[in-house]
Amino acid sequence: MPPKRRSAGTIQNKEPKKRPESSSPDIKTTPEFSVTKHRDKDADFVALCKNLQVSDLVCDRTWKMYTSLQESLYEFAEEQTRLWGACLFTVVTDMDVASFTITQILKAISMNVKQFVALVRKLDVNLDTISTKVNSALTRLENKYDVTLALYQRFEKTCKTIFAAAPEAKTTEILRTCWTIFLLAKGKALQMEDDLVISFQLLLCTLELFIKRCPSALLQPLYQSAASKVQIPVTRTSRRNQNNGKVRPAEPEANALLLETLCMENECNLDEVKNVYQTSFCAFLVSLDLPISPGLPQASGVNQQYEEHYLKSRDIDARLFLDGDETLLVPKLDPVQMERTPKKNMLEEDAMPIPQTPIRAAMTSIQQLRGDLTSRGDRPSTNLATYFKNCTVDPTRDVLKRLETLGPKFSQKFAEAVGPRCITLGKQRFTLGVKLYYKVMEAMLKSEEKRLSVQNFSKLLNDSTFHTSLLACALEVVMATYGESSFKTGRGGGQPGEVDLCFPWILDFLNITGFDFYKVIESFIKADPTLSKDIVKHLETCENLIMEHIAWKTDSPLFELLKQEHEGGAAEQAETTASFNQPLQHNHTAADLYLSPVRPCLPILPPDSPAPPGSQGATPPSSRPAPQAAGQNPRHLKSNSLSLFYKKLYRLAYTRLKMLCSYLPSSHPELEPIIWTLFQHTLQHKYELMRDRHLDQLMMSAMYAIYKVKSSVELRFKAIVSSYKNMPNTSQETFKHVLITEGHYDSIIVFYNEVFMQRLKTNILQYASTRPPTLSPIPQIPRSPYKFPSSPLRLPGSSNVYVSPMKSSRSPGIMTPRSRMLVSIGESFGTPNRFQKINQMVSSGERSFKRGSDHGGTPKLLKRLRFDVDGQDEPDGSKSDGDSTLIQRLNDLTSARSRMQEQKMKADAESQKEQL
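Caption draft 1: Spotlight on the overall build of the chain. Helices and strands together make up the secondary structure of the chain, namely 34 helices and eight strands. Residues counted as buried form 48% of the 916 residues belonging to the chain. About 45300 Å² of surface is accessible on the chain, with carbon and sulfur atoms providing 51% of the total.

In structure tokens:
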């Protein structure tokens, strides 16, 4: 359809007739807008409200919101009209009475999607302007825009490879109709319209339909050849039914060769696309009566149907991507950002990096996941079956029965969230999850067998919690790979009846607690080295969310463990502060945490001690109680899983506190250890305050309390919350929706006054006395166990020299992109000119600047890169011993590498001694 027939004016003229189709009952009964009632308001504002057909009530509330923000208008550079539009969106979203589409308001105030989302979020100057409902609506809008933009960019690129040079008008009409049909199919077939993978598969199905119905002269040779073999099904009607009603449309059939070509060109799995075609896409075509005609669909009919869908959904008009409309302006890509990550396994120094588009990244991740599981069946392998048979009680029957029961339930719940015809897709996801579950389980058992020299894992393999948690982790990996699981950003913002698959959905579905799920995460990652960095990061975020709030739900077993430790007088409660400055050893296995919930506090056998013969259940040596001396009273035992949980919790808590302190408008580093002491005391001795609450709520309260009694500078809660909003991985729900009493929620300020301060008043006042409490040691923040060992480490005191372990004996020259060079100690540099390149890089290639400490003047260029090794550097960076620059640098690199190896050997030795 030509652009002029879909202009803003055309849409606005048609829309009053479409308003009754809105799903909101409030819109149907909205009285006519009366201009005379709003003479006290700005005339341009009233005109905007009339143009967008809002009610008198919406107009009044929007103006009230705008006037309340006028005191803070100096913070906004936008013109008034844009602020009015942002306020209008906020009001109608909260009231659920939208009378305009997103595109209409964007056109009325001349903004694009990204600008608009940023402006609405910026309105929250008083921390209570934007509700969690509005914030969730903004998140959905932004996610859907990002997905649709990525799909359109791929659509545009793919069409250039499909269609040949032809009259522009003809090609434009075909592309418009094709894109519009895809948008309609996505809107009708999917409930999760921001599902990138399934939407892309629907796009390939749509392209297949147009290729096989398009005139051969308009196609490129590759698709011309594939389309020539298509047989369009002919609708036949028996003589008996020739004079009866409507002709039944023939069932659409996909051309296997066309789909295979499209999938190969777009790195997409053919079986999955076929499944989407046969279920969702075929049903959509039948609903449009498209199978009847062998020709191209009529543009006018398709456009009218999408118009109705777009007006009813009150969403963005994605057809405008075809026109390069300003409301859907494509953000400019940063060329520097695109060149940061080179393509893996480059074989030449001058190989150029390939930018990762969202679709390419998703397809690559899926291919990697499926490739690793292709050779595996959905039944236990021979090795795994042997482990099952070696058990005192064979778990095979229970394992298979559990999966047989959960499979159909998972497929049904998946379809409820994604789309009504996606049950088969849910079955495919579950099957992949089962394969990964078996794969990781087998790897875990092999590792345990090597560690303990036993083969009987009866106790572990008959633990239903272990199996369910392991399956949950596998399914979470699969859904995250397909982009169907991320993380919730707020509460109450979803549409009525809306279901999403975001973590922790999988925990609710399988009815397991976050505390049980956390036990398997670290072992899962270690057992599957093929997991991508994005998936490892996803699982690490899952673990952090569990420690922050999921594990602190009322029904969590964490509270029972804490109660036993505190009431039982355990030698160590949760975790002693004395262990803060000790390295966090990441040698815990799932067997340690599921099989052996307690460990003795007395000295135990060293880890090298052999396991006693005939031990059952593969109980690790670290968990077996030590023999008691004659006449000695037994000491209380400590939970392995609780100890590790609190060690990680303290380190996460301190990391977030340190980050929040760095975001504050004024820095008071002397208060940071005092805040941490109160924060740590609360987590250890007042852990009940965490019940159904968030870790960051206690953190902000502890910060406010210490500033109140220790600092002469007033720090308002608003400043703390404003700084907190800038931190990554935060939600406004954390400070706007805090549990006060059972069933009653309020802001973080009310929580501090009515709960936190009341419970900790005595302790808080101690910090204002002349004899304050002893400060808690600062936890040592180790390198994350989930970081890849091959990641380069920056050499202390430098900004451009990194040390990285060698993976193979390849020449350094072919292992790095052309913008960097790798120095491998003990290997030849190759050609002589490499010495010159190294000298240039180290001496002046990446310059370091130093600001004069006396005058704070212009940056001073260091003559050479300084290495703060053994205090031998001169102030200007030159060496007093006269050695050549290159040799000295190599010596420094060798020394640094030796120290790193010594530290690693020492850490490994300590990890073997530590028994949890």
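Further notes follow.
Caption draft 2: Fine view of the environment of valine 738. Note that valine 738 resides in strand E3 (residues 738-741). On the accessibility criterion, valine 738 (0% relative accessible area) is buried. Separated by 41 residues in the primary sequence, valine 738 and glutamine 697 place their C-alpha atoms 7.8 Å from one another. For valine 738, the residues in contact, after removing those within four places along its chain, are Gln697, His744, Tyr745, Asp746, Ser747, Ile748 and Phe751.

Caption draft 3: A look at helix H14 (residues 299-313). With 15 residues, H14 ought to run about 21 Å at 1.5 Å a step, and its terminal C-alpha atoms sit 21 Å apart, in line with that. All of the buried residues along H14 are Ala299, Val302, Asn303, Tyr306, Glu307, His309, Tyr310 and Leu311. One or two residues past the end of H14 sits arginine 314, with phi positive at roughly 55°.

Caption draft 4: Representation of the environment of leucine 593 within the structure. If you trace the backbone, leucine 593 turns up in helix H26 (residues 590-595). Spatially, the C-alpha atom of leucine 593 lies 9.0 Å from that of leucine 644, the residues being 51 residues apart in sequence. Contacts of leucine 593, omitting those with residues within four sequence positions, involve Lys519, Asn640, Ser641 and Leu644.

Caption draft 5: Quick peek at the nonpolar core. Within the largest apolar cluster, 236 residues are counted, with the highest numbers of intra-cluster contacts made by Ile506, Phe524, Trp552, Phe645, Phe679, Met703 and Phe756. In terms of residue count, helix H8 (residues 132-162) provides more of this core than any other element does, 13 residues in total. The residues touching isoleucine 506, leaving out its near neighbours within four places in the chain, are Phe410, Ala472, Leu475, Glu476 and Met479.

Caption draft 6: Spotlight on unusual backbone geometry. Residue proline 504 follows phenylalanine 503 across a cis peptide bond; omega there is 15°. Its place among the elements puts proline 504 in the loop between helix H21 (464-481) and helix H22 (505-510). One non-glycine residue, arginine 314, lies in positive phi territory at about 55°. Mapped onto the elements of the fold, arginine 314 is located in the loop between H14 and helix H15 (335-338). Notably, serine 453 is not glycine yet its phi reads approximately 60°, a positive angle.

Caption draft 7: Broad picture of helix H3 (residues 43-51). Within the span of H3, buried status applies to Phe45, Val46, Leu48 and Cys49. One side of H3 holds all its buried residues, which, seen down the axis, span an arc of 155°. Of the residues in H3, the exposed ones pointing more than 90 degrees away from the buried face are Ala43, Asp44 and Lys50. Along its buried surface, H3 packs onto helix H4 (56-69), helix H5 (80-95) and helix H6 (102-109).

Caption draft 8: Spotlight on the pattern of salt bridges. Counted under the stated rule, the structure contains 29 salt bridges. Its salt-bridge partner being arginine 429, residue glutamate 484 comes within 2.9 Å of it at the nearest N-O pair. Residue glutamate 484 is located in the loop between H21 and H22, and its partner arginine 429 is located in helix H19 (residues 423-452); the two are separated by 55 residues in the primary sequence. With a relative accessible area of 2%, glutamate 484 lands in the buried category. Overall, arginine 429 belongs to the buried group, its relative accessible area being 1%. Lysine 526 is the salt-bridge partner of glutamate 522, the closest N and O atoms lying 3.2 Å from each other. Of the two residues, glutamate 522 and lysine 526 are both situated in helix H23 (residues 514-527); the distance of four residues between them amounts to about one turn of the helix. Since its relative accessible area comes to 4%, glutamate 522 is described here as buried.

Caption draft 9: Examining the pairing of E3 more closely. Bridging between E3 and strand E4 (residues 744-746) involves three bridges; their strand directions are antiparallel. Of the residues in E4, the one forming a bridge with leucine 739 is tyrosine 745. Hairpin connection between E3 and E4: a loop of two residues separates the two successive antiparallel strands, and glycine 743 in this loop has a positive phi of roughly 80°.

Caption draft 10: Highlighting the packing of H8 against helix H16 (residues 358-373). At a minimum axis distance of 9 Å, the contact between H8 and H16 shows a crossing angle of 90°. In terms of orientation, H8 and H16 fall into the roughly perpendicular class. Contacts between H8 and H16 pair Ala150, Leu151, Arg154 and Lys157 from the former with Pro358, Ile359 and Arg360 from the latter. Split into classes, the residues belonging to the contact of H8 with H16 amount to four nonpolar, no polar and three charged.

Caption draft 11: Quick look at the packing of aromatic side chains. A complete count under the given rule lists 41 aromatic pairs for this structure. Measuring from centroid to centroid gives 6.2 Å for tyrosine 152 and phenylalanine 155, while their planes differ by 35°, and the two rings are tilted. You can see tyrosine 152 and its partner phenylalanine 155 sitting in helix H8, three residues apart, about one turn around the helix. When sorted by exposure, tyrosine 152 lands in the same class as phenylalanine 155, which is buried. Ring geometry for tyrosine 152 versus tryptophan 179: centroids 5.2 Å apart, planes at 70°, classification edge-to-face. Within this pair, whereas tyrosine 152 is found in helix H8, its partner tryptophan 179 is found in helix H9 (residues 168-189), the two being separated by 27 residues in sequence. Judged by its relative accessible area of 9%, tyrosine 152 is buried. A network of ring pairs unites the aromatic residues Phe515, Tyr518, Trp552, Phe559, Phe645, Tyr646, Tyr650, Tyr654, Trp676 and Phe679 as a single cluster.

Caption draft 12: The arrangement of the environment of methionine 727 in detail. In this structure, methionine 727 sits in the loop between helix H30 (717-725) and helix H31 (733-736). For methionine 727, a relative accessible area of 4% translates into the label buried. Taking the C-alpha atoms as reference points, methionine 727 and tyrosine 663, separated by 64 residues in sequence, lie 7.7 Å from one another. Residues in contact with methionine 727, not counting those within four places in the same chain, are Arg656, Met659, Leu660 and Tyr663.

Caption draft 13: Molecular detail of the packing of H8 against H9. Running from N to C, H8 and H9 point in directions that differ by 145°, and their axes come no closer than 12 Å. The two elements H8 and H9 meet at a crossing, and its hand is right-handed. Where H8 approaches H9, its residues Lys144, Thr148, Leu151, Tyr152, Phe155 and Cys159 are matched on the opposing element by Leu175, Cys178, Trp179, Phe182, Leu183 and Lys186. For the contact of H8 with H9, the per-class residue count stands at nine nonpolar, one polar and two charged.

Caption draft 14: Examining the side chain of lysine 435 more closely. Position of lysine 435 among the secondary structure elements: in helix H19. The charged side chain of lysine 435 is buried without a salt bridge, its nearest counter-charge being aspartate 378 at 6.8 Å. Here lysine 435 is in contact with Leu373, Arg376, Gly377 and Asp378, once residues within four sequence places are set aside.

Reading the values: rules and limits
- Residues numbered from 1 in each chain as written.
- Predicted model: local features only at pLDDT ≥ 70, side-chain atom pairs only at ≥ 80, totals over all residues.
- Heavy atoms only, no water.
- Helix = DSSP H or I, 4+ residues; strand = E, 2+ residues; numbered from the N terminus.
- Buried < 20%, exposed > 50% of the residue type's maximum accessible area, 1.4 Å probe, protein only.
- Areas by Shrake-Rupley, 256 points an atom, 1.4 Å probe, with all protein chains shown as cover.
- Contact = heavy atoms within 4.5 Å.
- Expected span 1.5 Å × (residues − 1).
- Core = buried A, V, L, I, M, F, W, Y, C linked by side-chain atoms within 4.5 Å.
- Arc of directions from axis to C-beta.
- Salt bridge = Lys/Arg side-chain N within 4 Å of Asp/Glu carboxyl O.
- Pairing = 2+ DSSP bridges.
- Axes fitted to C-alpha atoms, helices over the stretch in contact; angles between N-to-C directions.
- Parallel < 35°, antiparallel > 145°, perpendicular 65-115°, else oblique.
- Nonpolar A, V, L, I, M, F, W, Y, C, P; charged D, E, K, R; others polar.
- Phe/Tyr/Trp six-rings, centres within 6.5 Å; stacked < 30°, edge-to-face > 60°.
- Left-handed = near helix turned anticlockwise from the far one by under 90°.
- Lys, Arg positive; Asp, Glu negative; His and termini not counted.

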